[in-house]
Structures are given as C-alpha cells and as structure tokens.
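# Working through the structure, step by step
As a plain string of letters, each chain reads:
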Amino acid sequence: ILVCDQSTNSFIAAWDKKTGKKLWQTTRVEAKSGHSTPILWTPRGGKQQVIVPGSFLLSAYDPDNGERIWWVGGLSFEMKSTPVVKGDIVYINGFGSPENNPGSKIPVMTTDEAFSKFDANKDGKLSSDESPTPHAKSYLSFMDLDGDKMYSRADWDYYKAAMESDNGMLAIQMGGKGDMTSKSVKWKYHRGIPQLPSPLIFENVLYMVNDGGGIVTMLNPDTGELLKQGRLPGGSNTFYASPVAGDGKVYVASEKGQVFVLPPGPNLEPLMVNDLADGIYATPALMDGRIYLRTLNTLYCFGKA
Ligand SMILES: [Ca+2]
Ligand SMILES: [Ca+2]
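Residues numbered from 1 in each chain as written. Chains lettered and ligands numbered in written order. Predicted model: local features only at pLDDT ≥ 70, side-chain atom pairs only at ≥ 80, totals over all residues. Heavy atoms only, no water.

A few words now on the environment of aspartate 5. Here aspartate 5 is to be found in the loop between strand E1 (2-4) and strand E2 (11-15). Apart from the residues lying within four places of it in its own chain, the contact partners of aspartate 5 are Ser10, Phe11, Arg28, Ala31, Lys32, Ser33, Gly34, Pro53 and Gly54. There is a polar contact of 2.8 Å between the side chain of aspartate 5 and the side chain of arginine 28. (Helix = DSSP H or I, 4+ residues; strand = E, 2+ residues; numbered from the N terminus. Contact = heavy atoms within 4.5 Å. Polar contact = N/O pair within 3.5 Å; in protein donor to acceptor, adjacent residues only side chain to side chain.)

Printed below as a string of structure tokens:
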C-alpha cells in the first residue's frame, strides 16, 4: 500500500505484492503535499486498518478495498512525522508554518472576495502582481498546486485552509465510522510542535523534540498535561532525528551531533551527552542491545561487545 500525497491528484493505492497487479486506488481529495509514513492498527476483535496522516485529516482505510472508514479533522496542512500509538490512541504532530502557531494567525479573505476584487485582468487567476496581500504574494510558490505561477481558485482555497490550520499534537481515539472529529479528539497541544521529528512514548511520557527551536516537550499522553518543557543543555540545538528509547533510557540526537541520553520520566537533565561532532539527520536504530547512529560521514554501532 502506498500513500501518494502531492500537489494534485493525491491517492492511496494497493498492489498485489506477488504479481504487482493494482488492487484498488482511492482518491484523497483534501490531501496536498504530505510526507507522513502511515501505520497499521488492529481494533480489538476487528480487522486491521491503515492509519494515514495527511493535510487537515487523519484517515483510516480498509486495506482490502481502500474504503475510508473514519477520519478526524484538525491536522496541519502539511504532515511529515509518523504517528505513535498507545493502546487505541494515536498521537500525531503537524507543523505547517510559523503562522499556524497560537496567536500568529493571519486573516485570509474568502476566495470569492479575492477573485472578485483582485483579478484585474479577469482571467480567473490571481497573478503574483494581483496578489491581494504581500503575504499571499510571498506564499504563492507554496500554494501554487497546479504550477502555473498564479493562484487558481483551488490554490486560494488551499491557501486559506492552510492558514486557518493549527500546528499541533493531537491525541486521537482510533475507531468509529465517518467523521469522528467531534467524538475522538482526546486532547490537543499547540506549542513547540516539531515539523519533522516524530514523537516517542516511553514510560508514559510523550516526547516531542522541535526541529527549529530545539524545544523538548514532555506531555502526559493520557491527559495532554505539560510535564516538562525546555532546552537540553549545551546551547542552541536543532533536531531532525526522532527520539528513541532503549535500555531504560531516551536518546535524542541533535543536528550538530550531540546524542543526549535522558533518564526515564519528565527530565531534561541528561545522564550523558555524547558528542559525535558531525551532523545527524537520521533517527538512531536500536536492535539486540545495540544503537546504530548515522552521522553525515560515519555509521556508528554502540553496545557491549
Ligand atoms: Ca488575473
Ligand atoms: Ca496555480
């Protein structure tokens, strides 16, 4: 099963792994650019489902026929991280742009208003010069879904929806039928949200490490309560690797090559900081008591002999 979220004609499709024959394909109308890897979930006493984060919606599909079973709204316009699961709750973070942070929203006029007032040459498109605001002009390249360097009405619809979406971590009760938005969102959290790193749940703490600002956030996964938030020692840091846990500890690898080893529990005081002095963008892998770490130039394996 492949999810192909892109500017136009996004879809999810399945192929027979023995023959390569396409089994089904389902259009994902609301989904634009997206990068999240989907996960599998099996409800108690039920059939396995494919859980797909995408623009604005988290959707669950039937892997046998591609039918969308249930969905929940409130996601960012461009999703990048992979969800984690505890019990029947899925945790997913999305960050679209700084304007989606609390208190930073910018108003975007309706599509009808933009096109009736600003389409000076009446060609049904808004060119860069016809952009109603400097912000709209600066965002044209991100919102130009059909690639003609102008806003179509669909591009503007997306721009408006994107600017109205929120950066956030959502805890979502999986299961149900149809639009579950009003029933299934257990809690949301909106500050220090990572763009790329996926979350981690370890010893009942939900960890987020924030790429740009280097903020580490620890939440109670059951309630969304903030347990701890701050920066790790050693000055400014950025994070692209996702946090991982093993041997009773949490490992957080920064872009500049510091690997922080944290004790369990909401604690920002590392047990150890290992400086590999080289860029780290890849999430560490753990297997058989060893940790594999890839820097820009070296693949390390650490463990007892
Ligand atoms: Ca025009
Ligand atoms: Ca366009």
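So much for the structure itself; the text now carries on.
What follows concerns the sheet that holds E2. Read from one edge of the open sheet, three strands run E1-E2-E3, paired in antiparallel fashion. In this open sheet, the two strands that pair with only one neighbour each are E1 and strand E3 (22-27). On average, each strand axis in the sheet is tilted by 15° relative to the strand beside it, whichever way the strands run. (Pairing = 2+ DSSP bridges. Axes fitted to C-alpha atoms, helices over the stretch in contact; angles between N-to-C directions.)

Per the counting criterion, the structure on display carries one cavity of 30 Å³ or more. Quantified by volume, the largest cavity comes out at close to 40 Å³. Looking at the largest cavity, the residues that line it are Gly213, Gly214, Arg231, Leu232, Gly235, Ser236, Asn237 and Phe239. The residue makeup of the lining of the largest cavity, split by class, is two nonpolar, five polar and one charged. (1 Å grid on protein atoms, 1.4 Å probe; cavity = no way out; pocket = protein on both sides within 12 Å on 5 of 7 lines; lining within 4 Å. Points joined across faces, edges and corners; volume = space filled by probe spheres on them. Nonpolar A, V, L, I, M, F, W, Y, C, P; charged D, E, K, R; others polar.)

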